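# Structural description and commentary
One-letter residues, chain by chain:
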Amino acid sequence: MTVLGGVLIWFGVLVVVVSAVAALVLPAVHPRLHALTPVTSLAGPLIGAGVAVLNGFSLTTATVLLIVVLLAITGPALTTAMARLAGEREQEAGRG
Amino acid sequence: MTGLVPAFVLMIGGLVPGLVLVSRGDAVARLIGLQLLSCVAVLVLLLLAQGFGQSQYLIVPLVLVVLAFAGTLVFTRLLGRRP
């Protein structure tokens, strides 16, 4: 179980690093938002699952899962709000 | 803790692109950097609590994930179109 937890955490960390570098390298706002999504929707649950596997059934695991679920819920909402903001600003810039 | 140290160092490295993003570009690009920073910071604090074996430290990422959501939403509202 320790190996499985470590592997899950490592996959999550790799997703975070790749997404962060992609967000830095990509040139425009919308592709950057796409690069940001895996951090909240994939890396968070992977790291949370890894920590949960390492800790077993406990109050600590419940707290970790709560944090990860909150991150997975709020991340797409923030991404949508920022994409809408970027669209509004592009429209205003287009109107001059 | 020892098995998580390389992962923790890599996660700290994941904070650097966020810092670069918040320091250049227009307001929306900086906001993207802010969200990246806050998400990575939550996961770093999660790993820190696990690494030190101190479950009471988990209150910090729990509060941060809620405050980062509210804070970023406020920024999107302030930067948006005026009625």
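Our subject is the structure that appears above.
This section reports on the structure supplied with the text. (Residues numbered from 1 in each chain as written. Chains lettered and ligands numbered in written order. Predicted model: local features only at pLDDT ≥ 70, side-chain atom pairs only at ≥ 80, totals over all residues.)

### Points about the overall build of chain A
Just so we agree on the cut-off: Each helix is a run of H or I in the DSSP string that is no shorter than four residues. Each strand is a run of E no shorter than two, and both are numbered from the N terminus. Computation of the radius of gyration draws on C-alpha atoms, with the globule rule given as 2.2 Å multiplied by the number of residues to the power 0.38.
Secondary structure assignment for chain A yields three helices and zero strands. The order of α-helices and β-strands along chain A, N terminus first, is α-α-α. For 96 residues, the compact-globule estimate of 2.2 N^0.38 gives 12 Å, and chain A exceeds it by more than 25% at 17 Å. Considered along the principal axes of its C-alpha atoms, chain A spans approximately 60 × 25 × 10 Å.

### Examining helix H2 (residues 27–52) of chain B
Here is the rule: Here the expected span of a helix is defined as 1.5 Å times the quantity of residues minus one.
Look at H2 of chain B: 37 Å from first C-alpha to last across 26 residues, which is about the 38 Å you get at 1.5 Å a residue. In the stretch just after H2 of chain B, Gly53 of chain B is the one whose phi turns positive, near 70°.

### Side note on the nonpolar core
Cut-off, in case you're wondering: To count as a nonpolar core, a set of buried Ala, Val, Leu, Ile, Met, Phe, Trp, Tyr and Cys residues must be joined through C-beta atoms within 7 Å. Three exposure classes are used, based on other C-beta atoms lying within 10 Å of a residue's own C-beta, which is placed from the backbone: buried for 20 or more, exposed for 12 or fewer, and partly exposed in between. Two residues form a contact once the distance between their C-beta atoms, set from the backbone, is within 7 Å.
Core analysis: the largest hydrophobic core is formed by 50 residues, its most contacted members being Val16 of chain A together with Ile32, Leu36, Val40, Leu43 and Leu46 of chain B. Tallying contributions element by element places H2 of chain B first for this core, with 14 residues. Once you skip the residues sitting within four places of it in the chain, Leu46 of chain B turns out to touch Ile47, Val51, Val64 and Ile67 of chain A together with Pro61 of chain B.

### Some thoughts on the interface of chain B and chain A
Which entries qualify depends on this criterion: Basically, the charged four are Asp, Glu, Lys and Arg, the nonpolar ten are Ala, Val, Leu, Ile, Met, Phe, Trp, Tyr, Cys and Pro, and anything else, Gly included, counts as polar.
Taken together, the contact pairs 37 residues of chain B with 37 residues of chain A. Elements supplying a minimum of two residues to the side of chain B that touches chain A: helix H1 (5–22), H2 and helix H3 (59–79) of chain B. The dominant element in the side of chain B that touches chain A, judged by the number of residues it contributes, is H2 of chain B, at 13 residues. By residue class, the composition of the side of chain B that touches chain A is 26 nonpolar, ten polar and one charged.

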